[in-house]
Amino acid sequence: MSGALLAIYLNDHLAGATAGRELARRAASSNADSDYGAFLAGLATQIDEDRESLLELMRSLDVGADRVKVVGGWAAEKVGRLKLNGRLLGYSPLSRLLELEGLTLGVRGKLALWRALEEIAPAEPHLAQADLPVLSERAAAQLEGLEAQRLRAALEAFS
């Protein structure tokens with residue numbers, strides 16, 4: 001197994017996890033007083049915990065975090081805030097829908113990560129220490145919840 005390629009792969013996912021964490025926090029904050037607030041707050045907490053699980057896994061493999069990629073993920077989320085949402089200033093129902101769709105894409109990527117690592121775990125003893133099946137199940141559950149919220153947000157945005 002190529003340790004260098006695995007390090008690049010994990011750091012790419014860390015960058016995505018950083019962007020996802022920032023998006024989840026922003027969505028939770030923007031929706032704190034809405035019917036979406038509790039779901040998004042819980043999801044933001046889970047995404048933060050999943051990012052920490054990735055960092056712990058990287059430490060166990062002696063893979064350092066690539067600061068440039070982490071900052072790039074953080075910056076990408078900030079730049080994503082500049083998209084048009086049908087309002088000159090402020091939050092709109094389209095903002096919520098696009099945030100939920102962005103979170104869905106990120107969680108799908110995270111699920112792909114956990115499943116790929118499960119596949120190579122027999123060849124890498126440190127991966128066996130991670131609870132990859134539980135992380136995969138959690139990501140799948142997050143996707144289920146996101147889909148229900150996303151469809152509701154679509155109805156609200158376009159009604």
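Residues numbered from 1 in each chain as written. Predicted model: local features only at pLDDT ≥ 70, side-chain atom pairs only at ≥ 80, totals over all residues. Heavy atoms only, no water.

Chemist: Can you walk me through the pattern of salt bridges in this structure?
Modeler: If the charged atoms of two oppositely charged side chains come close together, the side chains can form a pair. If you walk through the whole model with that rule in mind, you get 13 salt bridges. We note a salt bridge from R138 to D50, for which the minimum N-O separation is 3.0 Å. Of this pair, R138 sits in helix 6 (residues 132-158) while D50 sits in helix 2 (residues 37-60), and the two are 88 residues apart along the sequence. Residue R138 is classed as partly exposed on the basis of its relative accessible area, which comes to 23%. Residue E101 is joined to R150 by a salt bridge in which the shortest nitrogen-to-oxygen separation is 3.2 Å. Of this pair, E101 sits in helix 4 (residues 93-120) while R150 sits in helix 6, and the two are 49 residues apart along the sequence. Classification of E101 as partly exposed rests on a relative accessible area of 29%. Because the salt bridges share partners, they merge into one network encompassing R21, E22, R25 and D48. (Salt bridge = Lys/Arg side-chain N within 4 Å of Asp/Glu carboxyl O. Helix = DSSP H or I, 4+ residues; strand = E, 2+ residues; numbered from the N terminus. Buried < 20%, exposed > 50% of the residue type's maximum accessible area, 1.4 Å probe, protein only.)

Chemist: Is there a simple way to think about the packing of helix 1 (residues 3-30) against helix 4 in this case?
Modeler: Helix packing for two helices is described by the angle between their axes and how far apart those axes are. Close contact between helix 1 and helix 4 brings their axes to 10 Å; oriented N to C, the two are set at 150°. As summarised for this structure, helix 1 and helix 4 are arranged roughly antiparallel, according to the angle between their axes. Two packed elements cross with a definite hand, and for helix 1 against helix 4 that hand is left-handed. Contacts between helix 1 and helix 4 involve L6, Y9, L10, H13, G20, L23, A24, R26 and A27 from the former and E99, G102, L103, G109, A112, L113, A116, L117 and I120 from the latter. Taken together, the residues of the contact of helix 1 with helix 4 sort by class into 12 nonpolar, 4 polar and 2 charged. (Axes fitted to C-alpha atoms, helices over the stretch in contact; angles between N-to-C directions. Parallel < 35°, antiparallel > 145°, perpendicular 65-115°, else oblique. Left-handed = near helix turned anticlockwise from the far one by under 90°. Contact = heavy atoms within 4.5 Å. Nonpolar A, V, L, I, M, F, W, Y, C, P; charged D, E, K, R; others polar.)

Chemist: Mind showing me how you'd approach helix 6 here?
Modeler: For helix 6, built from 27 residues, the straight-helix expectation of 39 Å at 1.5 Å per residue is met to within 8% by its first-to-last C-alpha distance of 38 Å. For helix 6, the complete set of buried residues consists of L132, L135, S136, A139, Q142, L143, G145, L146, Q149, R150, A153 and A154. Those residues of helix 6 hidden inside the fold are in contact with helix 2, helix 4 and helix 5 (125-129). (Expected span 1.5 Å × (residues − 1).)

Chemist: Sorry, what's going on with the nonpolar core here?
Modeler: The tendency in soluble globular proteins is for nonpolar side chains to be buried as a group. Grouped together as the largest cluster of nonpolar side chains are 36 residues, with contacts concentrated most on L10, L40, L103, W114 and L117. Beyond its immediate chain neighbours, meaning those up to four positions away, W114 contacts D50, S53, L54, L132, L135, S136 and A139. (Core = buried A, V, L, I, M, F, W, Y, C linked by side-chain atoms within 4.5 Å.)

So yeah, pure geometry; function would need other evidence.
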